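What follows is each chain in one-letter form.
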Amino acid sequence: VEYTKAWVLNWDKVAQAGWFAIPKFMPVKIIFDARAIVPVLIMFIVTAVETVGDISGVIEGGMDREATDSELSGGVVCDGIGSTIAAFFGVLPNSQNVGLVTMTKIVNRFALATGAIFLILCGLFPKLAALISIMPQSVLGGAAVMMFSSIVISGIQLITKEPLTMRNITVVSVALGLG
């Protein structure tokens, strides 16, 4: 009986959610405190480095070629702008889903824009967001396992394009071990 309860959807969240909401900005009181600024700055730097890897993985996984310098710099700039806008709403820096592109091979701007519009609609219509949030954890977990596994495979594909020297093996081993 307990096993089947995990699959029962709890519609209370959807019933209690409002129909429309305008996203709220963080409070306007500005305080400069290094204890808050330094960790967020580090997150932004890590996100910029991650963006380069994500773009490389997306281009390699979705288009079977290496990313150009123009694509990398444009992606980092766009991620920086998006992360800055997100910060006004109290959200951490942005991140991408390389695994999704690698699995589906969809790199169409219309498809990506449709996904972005859907996320905006979820932000404006809490009932829609609540409907998505009642997805069973097992379904979300299964999708996450596939996504993160695809990211690992995408990274392995990028790594094995070059001959694996002892130095490269050491770097990859440490990265995987710490990861």
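Fair warning: this is a prediction, and the values are worked out from it, not measured in the lab.

A. Region of interest: the overall build of the protein. Across its full length, the protein carries nine helices and zero strands. With 179 residues in all, the protein has 18% of them scored as buried. Summing over all exposed atoms, the protein offers an accessible surface of approximately 13200 Å²; the carbon and sulfur share of this is 73%.

B. Quick peek at unusual backbone geometry. We note that Asp64 has phi near 55°; this positive angle belongs to a residue other than glycine. Tracing the backbone shows Asp64 in the loop between helix H3 (34-63) and helix H4 (69-88).

C. Summary view of the side chain of Lys127. Here Lys127 shows up in helix H7 (residues 126-133). Look at Lys127: it is buried, it has no salt bridge, and the nearest opposite charge is Asp12 at 11 Å. Among the polar contacts made by the side chain of Lys127, one reaches the main-chain carbonyl oxygen of Val14 at a distance of 2.7 Å. From its side chain, Lys127 meets the backbone oxygen of Ala15 in a polar contact 3.2 Å long. Leave out the neighbours within four places in its chain, and Lys127 touches Val14, Ala15, Ala17, Gly18 and Trp19.

D. Molecular detail of the packing of aromatic side chains. Considering all chains together, one arrives at one aromatic pair under this definition. We note Lys127 situated over the ring of Trp19; from NZ or CZ to the ring centre the distance is 5.0 Å.

E. Looking closely at the pattern of salt bridges. For the coordinates displayed, the defined rule picks out two salt bridges. The salt bridge partner of Asp33 is Arg35, with a shortest N-O separation of 2.8 Å. You can call Arg35 exposed: its relative accessible area is 70%. Ionic pairing is found between Arg65 and Glu71, a salt bridge with its closest N-O pair at 2.6 Å. Assessed through its relative accessible area of 30%, Arg65 is described here as partly exposed. Looking at Glu71, the relative accessible area reads 26%, which means it is partly exposed.

F. Structural context of a nonpolar patch on the surface. A cluster of nonpolar side chains, Trp19, Phe20, Ile22, Ile117, Leu121 and Phe125, forms an exposed patch at the surface whose accessible area comes to about 670 Å². Positionally, Trp19 belongs in the loop between helix H2 (12-16) and H3. We classify Trp19 as exposed; its relative accessible area is 66%.

G. Broad picture of the packing of helix H6 (residues 109-124) against H7. Packing of H6 against H7 brings their axes to within 5 Å, and their N-to-C directions diverge by 110°. One way to sum up the angle between H6 and H7 is to call them roughly perpendicular. Facing H6, whose interface residues are Phe118, Leu121, Cys122 and Leu124, H7 presents Pro126, Leu128, Ala129 and Ile132.

H. Structural context of the packing of H3 against H4. Running from N to C, H3 and H4 point in directions that differ by 135°, and their axes come no closer than 9 Å. It follows from the interaxial angle that H3 and H4 lie oblique. Every pair of crossing elements has a handedness; the one defined by H3 and H4 is right-handed. Packed against H3, whose contacting residues are Phe44, Thr47, Ala48, Thr51, Val52, Ile55, Ser56 and Ile59, the element H4 presents Glu71, Leu72, Gly75, Val76, Asp79, Ser83 and Thr84 at the interface. Of the residues that constitute the contact of H3 with H4, the class distribution is seven nonpolar, six polar and two charged.

I. Structural context of the confidence of the model for the protein. Overall, the prediction assigns the protein a mean pLDDT of 79, with 87% of residues at 70 or greater. The spread of mean pLDDT over the elements of the protein runs between helix H1 (residues 2-5), the lowest at 56, and H7, the highest at 88.

Reading the values: the criteria
- Residues numbered from 1 in each chain as written.
- Predicted model: local features only at pLDDT ≥ 70, side-chain atom pairs only at ≥ 80, totals over all residues.
- Heavy atoms only, no water.
- Helix = DSSP H or I, 4+ residues; strand = E, 2+ residues; numbered from the N terminus.
- Buried < 20%, exposed > 50% of the residue type's maximum accessible area, 1.4 Å probe, protein only.
- Areas by Shrake-Rupley, 256 points an atom, 1.4 Å probe, with all protein chains shown as cover.
- Lys, Arg positive; Asp, Glu negative; His and termini not counted.
- Salt bridge = Lys/Arg side-chain N within 4 Å of Asp/Glu carboxyl O.
- Polar contact = N/O pair within 3.5 Å; in protein donor to acceptor, adjacent residues only side chain to side chain.
- Contact = heavy atoms within 4.5 Å.
- Phe/Tyr/Trp six-rings, centres within 6.5 Å; stacked < 30°, edge-to-face > 60°.
- Lys NZ or Arg CZ within 6 Å of the ring centre and 35° of its normal.
- Patch = residues over 30% accessible without salt bridge, like charges linked within 9 Å, V, L, I, M, F, W, Y side chains within 5 Å.
- Axes fitted to C-alpha atoms, helices over the stretch in contact; angles between N-to-C directions.
- Parallel < 35°, antiparallel > 145°, perpendicular 65-115°, else oblique.
- Left-handed = near helix turned anticlockwise from the far one by under 90°.
- Nonpolar A, V, L, I, M, F, W, Y, C, P; charged D, E, K, R; others polar.
- pLDDT = per-residue confidence, 0-100.

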